Number of protein chains: 2
Amino acid sequence: MAEGAPPGGQSLLFLTDEQLRKGIEAMFFAYRGFTSDPDRILEGKDMGRAHHRAIHFIHRSPGTTVSNLMAILGVTKQSLNRVLRALIETGLVEARVGRRDRRERHLYLTREGAALERELSDAQRERMRAAYRTAGPVAVAGFRQVLEAMMDEESRRHYETLAEGGGQ
Amino acid sequence: MAEGAPPGGQSLLFLTDEQLRKGIEAMFFAYRGFTSDPDRILEGKDMGRAHHRAIHFIHRSPGTTVSNLMAILGVTKQSLNRVLRALIETGLVEARVGRRDRRERHLYLTREGAALERELSDAQRERMRAAYRTAGPVAVAGFRQVLEAMMDEESRRHYETLAEGGGQ
DNA sequence: CTTGGAATGTCAACAAGGCTGACGTATTGT
DNA sequence: ACAATACGTCAGCCTTGTTGACATTCCAAG
């Protein structure tokens, strides 16, 4: 990998293979940190990352259906069902039959589910908050821009749809 | 979490729970995109993400030992060994006995291993490059700052140690 | 020279969380 | 009446992580 003059003529140094590689490694290591706190919390509770994800998105979109959750999480119904069954059996999630379409199950967190969600999300947000504070608002904006540009089309659709419901 | 005036006095809006939550979701969706291309490539070759990670870091630090790789990847030797065995058997990785300490195995990519590494890393870098180009250099700097701030201490050590060997 | 401990390999067993395929059931819309 | 949809479930498989136990090899200290 010879490192000659910038190919674009000006400051395209940030597109160097080496820069890209560092970005890749940063994603790898950061993701580990990102998931570590919830993982630790769930470890004692007979649950894992999959449960956390389901809880997160049910909290985020109360009343969401099973198929919608499948699409967001990008897993099969069998995988999702295993997790949902556990969450329902332990009383963290409630599945209400749809009023308009009674084939659908609308998912809600129970009080206990909401409490666990808060515990998990507090831990995860705390790390995120610390990182944001360290890096500052400009960096945060860039962080989100790059991540959004890295998503698949479909993921981006889900991401943006979720965002509408919340604050922005 | 009531949403009154910004507690800091000025623009601390980026530390809102909602902003943090969007960052969390951005990480989730972006990481899916991040791994999708290599996953697709490996899917036909009897290998998975674990093999990719090993190949990546062996390429990055040729001659690294098994224990060092264990520390970087954060997995047990049994997990790593399963992957390494497959890579060695298929002729993608070579394990040379250490000269100074003959208990150690120093890991290198073979020609075939390097070729696969390039294929995987080309795909992954291409997505990263597109995201970088879309977001621009300022955003990229912020992206990396936030990710670095999100890492565990130990991960950050590994991350920086790797970076020394390369460019930057 | 012996021996403790480090580095590595390996076997076995297990768990989480993905997947496919197949099938059943309720419900809806045509 | 019937096809399609939404969901649940059983069975089986794969990858990738885990522990625990044990053997080997070898460096280095006593």
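Labelled according to an unreviewed UniProt entry, chain A appears under the name DNA-binding transcriptional regulator, MarR family, originating from Limimaricola pyoseonensis.

A. Quick peek at the UniProt feature "domain: HTH marR-type" (unreviewed entry) in chain A. Taking the UniProt record as the reference, the feature "domain: HTH marR-type" (unreviewed entry) is found at residues 17-152 of chain A. Structurally, residues 17-152 of chain A is divided into 73% helix and 9% strand, and its ends, taken at the C-alpha atoms, are 22 Å apart.

B. Representation of the protein's contact with DNA strand C in the model. DNA strand C sits among 25 residues. The nearest are Arg53, Thr76 and Arg82 of chain A together with Ser67 and Lys77 of chain B. In DNA strand C, atoms within 4 Å of the protein come from the sugar-phosphate backbone in 53% of cases. In the model, a base nitrogen of DNA strand C is placed 2.9 Å from a nitrogen or oxygen of the Arg103 of chain B side chain. Elements with a contribution of two residues or more to the surface near DNA strand C: helix H2 (49-60) and helix H4 (77-89) of chain A together with helix H3 (66-73) and helix H4 (77-89) of chain B. Considering only residue class, the surface near DNA strand C consists of 3 nonpolar, 10 polar and 12 charged.

C. Looking closely at the interface of chain A and chain B. Residue-level contacts link 65 residues of chain A with 65 residues of chain B. Interface area, chain A with chain B, both sides summed: about 6,700 Å², of which 67% is carbon and sulfur. Linking chain A with chain B are 12 salt bridges. Here Arg60 of chain B ties to Glu25 of chain A by a salt bridge, and the two come within 2.8 Å at their closest N and O atoms. Across the chain A-chain B interface, the total number found is 22 residue pairs in polar contact (both at pLDDT 80 or more). For the side of chain A that touches chain B, the secondary-structure elements that each account for two or more residues are helix H1 (17-43), H2, helix H3 (66-73), helix H5 (111-135), helix H6 (137-150) and helix H7 (153-165) of chain A. Per-element accounting of the side of chain A that touches chain B gives the leading share, 19 residues, to H1 of chain A. Broken down by class, the residue content of the side of chain A that touches chain B amounts to 32 nonpolar, 18 polar and 15 charged.

D. Structural view of the relation of the copies chain A and chain B. Each copy of the sequence occupies a distinct position, and chain A is placed on chain B by a rotation of 180° and an axial shift of 0.0 Å, giving an RMSD of 0.0 Å. Between the two chains, the operation in question is that of a two-fold axis. Taking the C-alpha atom as reference, chain A places Phe143 of chain A closest to the rotation axis, 1.8 Å from it. When the interface residues of chain A are mapped onto chain B, 100% of them again fall at the interface, so both copies present the same face.

Definitions and limits used
- Residue positions within a chain follow its written sequence, with the count starting from 1.
- Note on labels: chains are lettered from A, ligands numbered from 1, in written order.
- Owing to the predicted nature of the model, reporting of local features is limited to residues with pLDDT of at least 70; listing and counting of side-chain atom pairs is limited to 80 or more, with chain, interface and lining totals taken over all residues.
- Computation of side-chain values covers all heavy atoms of the structure but excludes hydrogens and water.
- UniProt positions are given in the numbering used here, feature names are shortened, and annotations may be inferred rather than shown by experiment.
- Strands here mean DSSP runs of E at least two residues long; helices mean DSSP runs of H or I at least four residues long; both are numbered from the N terminus.
- Near, as used in this document, describes a residue that has one of its heavy atoms within 4 Å of the molecule or strand being considered.
- Pairs of N or O atoms within 3.5 Å make up the polar contacts considered here, provided that, within protein, one atom can donate a hydrogen while the other can accept it, and that residues adjacent in sequence are counted only when both atoms are side-chain atoms.
- Residues were grouped as follows: Ala, Val, Leu, Ile, Met, Phe, Trp, Tyr, Cys and Pro as nonpolar; Asp, Glu, Lys and Arg as charged; and all remaining residues, including Gly, as polar.
- Contacts: residue pairs with any heavy atoms within 4.5 Å of one another.
- Note on terms: buried area is the combined drop in 1.4 Å-probe accessible area of two parts once they are placed together, counting the loss on both.
- Whenever a carboxyl oxygen of Asp or Glu lies within 4 Å of a side-chain nitrogen of Lys or Arg, that contact is scored as a salt bridge.
- Least squares is the method used to superpose the copies, on C-alpha atoms of residues holding a pLDDT of at least 70 in both.

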